[in-house]
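Here's the letter readout for the chains.
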Amino acid sequence: MKSAAKTRSERRDDRTRPGLHPESQPDRNMQGSLTPLSVLGPQADDERHRIREQFEAGAGARATLRSLCDLADNNIRQIFGEVLRVHNTPASGLSLLALGGYGRRLLFPYSDLDILFLFGNDRAEEEFRPLIADFARTLWDLGFRVSSAGRTVEECKRIEEDNAEFHLALLDRRFLAGDQDLFDRLDKRVLPGSQKAARPFLLTQLHKLTKERLTRYGNTIFHLEPNVKDAPGGLRDYQAAVWLRQIGGEKREPLSSSAAEEELASGAVDFLSAIRCFLHYRNARNDNTLTYELQASAAERSLGVTDRTPRDAAEWMRLYFRHARTLNRQLLRYLEERAVLPQTLRQRFFSVTRSAKSEPGNGKPFAIRDGLFEVLDAKELSDRAVLFTLFIEAARAGIALSRRTERSIAYIMMHPELPAKNVSVTWAMLREILVADYPGVALRPLQRLGLLTEILPEFARIDSLVVRDFYHRYTVDEHTLRTIEHLQELGESTDARAAHFKELWKTTERRDLLILALLLHDVGKGMSVENHVTGSLEALESAATRLALTEEEKEEVHFLIEHHLDMSATVQRRDIFDPATVSGFAATVGNQERLQRLCLLTYADIHAVNPEALTPWKAEMLWQLYVATSNHFSRTLDTDRLHAHDELSLLSQVRALTTGVNTSEIERFLEGFPRRYLAVHSAAEIAEHFALYQKLATQPVQTELQVRQHAFSLTLLTADRPALFATISGVLAGWGMNINKADAFANSAGNVLDTFHFSDLHRTLELNPTERERFLQSLKDVVIGKAPLEPLLSGRDSASRARPPKVSVETRTGFDDSSSDHSTLLEIVAQDRPGLLYDIGSTLARLGCNIEVALIDTEGQKAIDVFYLTEQSKKLSPEKQQALREALQSALV
């Protein structure tokens, strides 16, 4: 692409070169008089200010964009006319075109002006170069951000395979100024033929660019802080759909094939355009991210909504996601209709073999074509019984409905001459979907078509509902459907986290009850109740009555909903290798069948929170709790502490990974560690720990630092000493590290092995690898008392405390003497921040509490820390608990 203007950083330097200077740059106004640049600039600023004031006062986005576009057009034409006069040059051979968003008259407050300088030939390009430099520089000086390119007519005719974006932007060409005949030649004679010939290339490239963009945002519209331009469901989705129609030779407007669809899409574009204008004005730059803070501001003024009634942020974001869903669905339908979406292996298989059940002539009004269900006779689908046969087959085969089929169903559902028949969907019909191998394949379109809320009106309460906790990535309805999809993926998953749970999914009885529980488990979040579980159980009551569930079925679903958080909480906040923990959990579950369903529900529920929620560690701990509880039902309980001589297999594995070591040395190292130690560390890791143990005689503090994905893992082995856990936490805080998870173990010999997983907030260790050795040496010096901790802590980033969190978390402390036979459990929920764990640990040490087990975890900006504490090998007294509570409340403010 040929550049026709200097870069932004160069434009100010060009003022010293010959050209149009402020004192000699007049332009002609409407009456033909001369207006100096010193006047034209303030006029443009005044007009921008007027447009913004009108927008702030309630003017619509379309009017705002049109006014901004008119402002740019008028200035461009005035300045271009004046540079032609100053250079004493006619416009013949040069035409100015608006491209992209500017070409579509959608110019946002801080968007670039995409301008194409179109030349009649190479000679004209060379002759006009000085004039263009003056023109572009003048626009910059007037406050317009210019993004320009230069092409001859012949160059526009040729397709540049490495620059598809330019050819797509050229679809939105619009004449601005200059040689009108030259533009008409390009517009009417040159481009129609070349673009028609390039149609396959443009379709392929548009699909490729769109797929890359959607993938970059996780193929979901549901983001905590969405980009309203580029994210799925953003304005670029709408434009990609428009381009698909244009490339296909269809007229540009209306985009949709029905008035209702056109109205929905138009409303969505208006809503998102208003947001983008708002973001540009608030950020004073081309920043299109709808942050938490700006969501609240937009909701307060009910941005994009005609009634202007203030709303809370969660309610307003529901409107955003509904509009985003409209644009995203529209784009995906157009991609599918032009056969550019790739097929899965199952889809390709069925597109060749088809399903004998679905062949035309078998009496069913649908068939599988090109790997998707297509409708053969739409009118028959007005019978709900026939329609649900289609969804049942989709759930059984794992084959999706085409977007065309969904539109046909939607049309039939709204057609006044085709009233619905057999509208009462029975539990027996719904069960056929829920018990199938791929229930999510049917439930997705059922939700999109509004049929799911016909069956379960309770589900409507969570439609596009946002949970503003910075931990849940998705709206509540999206989270719910993803839980079900994660379960159906288990049958063919190659994910290591799924390995243990695959067989559970295949062998679970009454899957229908499990899936129904998932559909309802979070419905209470959309109800005015203090505890969402209570609301979800209320929803079950009405659903069970309507579907005519038996008492036994209702009881099983009730159990899963009531206890759907228990297994996750036990894994994260209790020592699952303490027999008392397992016994208490088993008493709650009651039997093996419930355990199996609850385990699968918990796996899916964690997995669907956000892509990072189900860590390999959590998946393994969940499985370990399942196994321990299953063993409890079989009367084969684990013991609390590890006795090395009983672990022959482990001893053999560790010995095989070491050299010149006898078994007794390994036994001395392992003896007395909590059994939890074996569950969270592999034999290879234990061998590495043993190697550190062997070096303790020469170096009293042994460390190992490993780089993990987006984080670091620190292992420290040393003899136990007062406030050790707090000291390590303090060093990490002093270096600007944020602790995400930690474990603390001690063996019978008094050796402590602590592991910390932390993120490097300032990328100190990531960008400066040589600092890692200094960091480890600093840690060792503080631990052995060679260096004080206080200087490190005094340099802690105070700004992190002063910066207001995106989500406020109330500090809560609680004690539990019943969950463990030997320790008092302290559970702390608090706002996560650097240095939090140090503050907790130092408080515990100051009051003489010994940490037997530490379970450290974070959910978004919420820290959830559980400590198994003793004092002189006994549980904490009530007096000590009260003193500790008061000290922590003071330390954590």
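Predicted model only: the values in this text are computed from it and were never measured. (Residues numbered from 1 in each chain as written. Predicted model: local features only at pLDDT ≥ 70, side-chain atom pairs only at ≥ 80, totals over all residues. Heavy atoms only, no water.)

Visitor: Teacher, can you tell me more about unusual backbone geometry here?
Guide: Glycine aside, residues mostly have negative phi, and peptide bonds are mostly found in the trans state. Here Asn219, not a glycine, exhibits a phi torsion of approximately 55 degrees, which is positive. Here Asn219 lies in the loop between helix H9 (199-216) and helix H10 (235-247). Positive phi outside glycine occurs at Arg510, with the angle close to 50 degrees. In this fold, Arg510 is placed in the loop between helix H21 (502-507) and helix H22 (511-520). Arg510 gets classed as partly exposed once you look at its relative accessible area, which sits at 29%. (Helix = DSSP H or I, 4+ residues; strand = E, 2+ residues; numbered from the N terminus. Buried < 20%, exposed > 50% of the residue type's maximum accessible area, 1.4 Å probe, protein only.)

Visitor: Whenever I open this one, helix H24 (residues 551-562) confuses me. Can you help?
Guide: An α-helix turns once every 3.6 residues. As a result, residues three or four positions apart point the same way. Taking 1.5 Å per residue as the helical rise, H24 with its 12 residues ought to reach 16 Å, and the 16 Å between its terminal C-alpha atoms agrees with that figure. Inspection of H24 places Glu553, Lys554, Glu556, Val557, Phe559, Leu560 and Ile561 among the buried residues, and these make up the whole buried set. Buried-residue contacts for H24 involve helix H17 (427-434), H22, helix H23 (532-547), helix H26 (579-589) and helix H27 (592-607). (Expected span 1.5 Å × (residues − 1). Contact = heavy atoms within 4.5 Å.)

Visitor: Teacher, can you tell me more about the environment of Leu847 here?
Guide: Tracing the sequence through the fold places Leu847 in the loop between helix H38 (836-846) and strand S15 (850-859). In this structure, the C-alpha to C-alpha distance between Leu847 and Glu871, residues 24 residues apart in sequence, is 9.2 Å.

Visitor: How do you make sense of the sheet that holds S15 when you look at a structure like this?
Guide: Picture the strands of a sheet paired through backbone hydrogen bonds; they go either parallel or antiparallel. Pairing in this open sheet of eight strands is antiparallel, and the strands run S9-S10-S12-S11-S15-S16-S14-S13 from one edge to the other. Here the strands that pair on one side only, and so sit at the sheet edges, are strand S9 (701-708) and strand S13 (812-816). With strand direction ignored, the average angle separating the axes of adjacent strands in the sheet is 15 degrees. As judged from the five bridges shared by S13 and strand S14 (residues 824-831), these two strands associate in the antiparallel manner. When the sheet's bridge partners are listed, Gly814 is paired in S14 with Glu827. In the packing of helix H25 (residues 566-573) onto the sheet, the strands contacted are S14, S15 and strand S16 (862-870), and the crossing angle to S15 comes to about 130 degrees. (Pairing = 2+ DSSP bridges. Axes fitted to C-alpha atoms, helices over the stretch in contact; angles between N-to-C directions.)

Visitor: I keep staring at the pattern of salt bridges and nothing clicks. Help me out?
Guide: When their charged atoms lie close together, side chains carrying opposite charge are able to pair. What the rule picks out here adds up to 52 salt bridges. For Arg85, the salt bridge is made with Glu82, and the minimal N-O distance between the two is 2.2 Å. On the criterion of helical spacing, the pair formed by Arg85 and Glu82 is a turn pair, its members being three residues apart in helix H3 (residues 61-86). Residue Arg85 is classed as partly exposed on the basis of its relative accessible area of 37%. (Salt bridge = Lys/Arg side-chain N within 4 Å of Asp/Glu carboxyl O.)

Visitor: Is there a simple way to think about the environment of His479 in this case?
Guide: Structurally, His479 is set in helix H20 (residues 476-489). Between the C-alpha atoms of His479 and Asp522, which are 43 residues apart in sequence, the distance is 9.1 Å. Ignoring sequence-local partners within four residues, the contact set of His479 consists of Tyr474, His521, Asp522, Asp605, Ala608 and Val609.

Visitor: I'm lost on the packing of aromatic side chains in this one. Help?
Guide: Geometrically, a pair of aromatic rings is defined through the distance of the ring centres and the angle of the planes. Applying the stated rule across the entire model yields 23 aromatic pairs. Measuring from ring centre to ring centre gives 4.4 Å for Phe673 and Tyr677, while their planes differ by 20 degrees; the resulting arrangement is stacked. Of the two residues examined, Phe673 and Tyr677, each falls in the buried class. When the ring centre of Phe166 is taken as origin, the NZ or CZ atom of Arg151, which lies over that ring, is 4.2 Å away. It is Arg482 that lies over the ring of Tyr474; its NZ or CZ is 4.1 Å from the centre. (Phe/Tyr/Trp six-rings, centres within 6.5 Å; stacked < 30°, edge-to-face > 60°. Lys NZ or Arg CZ within 6 Å of the ring centre and 35° of its normal.)

Visitor: What's the story with the sheet that holds strand S3 (residues 94-98) in this structure? I'm lost.
Guide: With mixed pairing, four strands are arranged side by side in an open sheet as S5-S4-S3-S6. Both edges of this open sheet fall to strand S5 (146-152) and strand S6 (174-178), since each of them pairs with a single strand only. Here the average twist between neighbouring strands, direction ignored, is 25 degrees. Here S3 pairs with strand S4 (residues 113-119) via five bridges, running antiparallel. Across the sheet, the residue bridging to Leu96 is Phe117, located in S4. Of the strands in this sheet, S3, S4 and S6 are in contact with H3, which crosses S6 at around 30 degrees. Contacting S3, S4 and S6, helix H8 (residues 180-197) runs over the sheet at an angle of about 60 degrees to S3.

These values are about where atoms sit, not about what they do.
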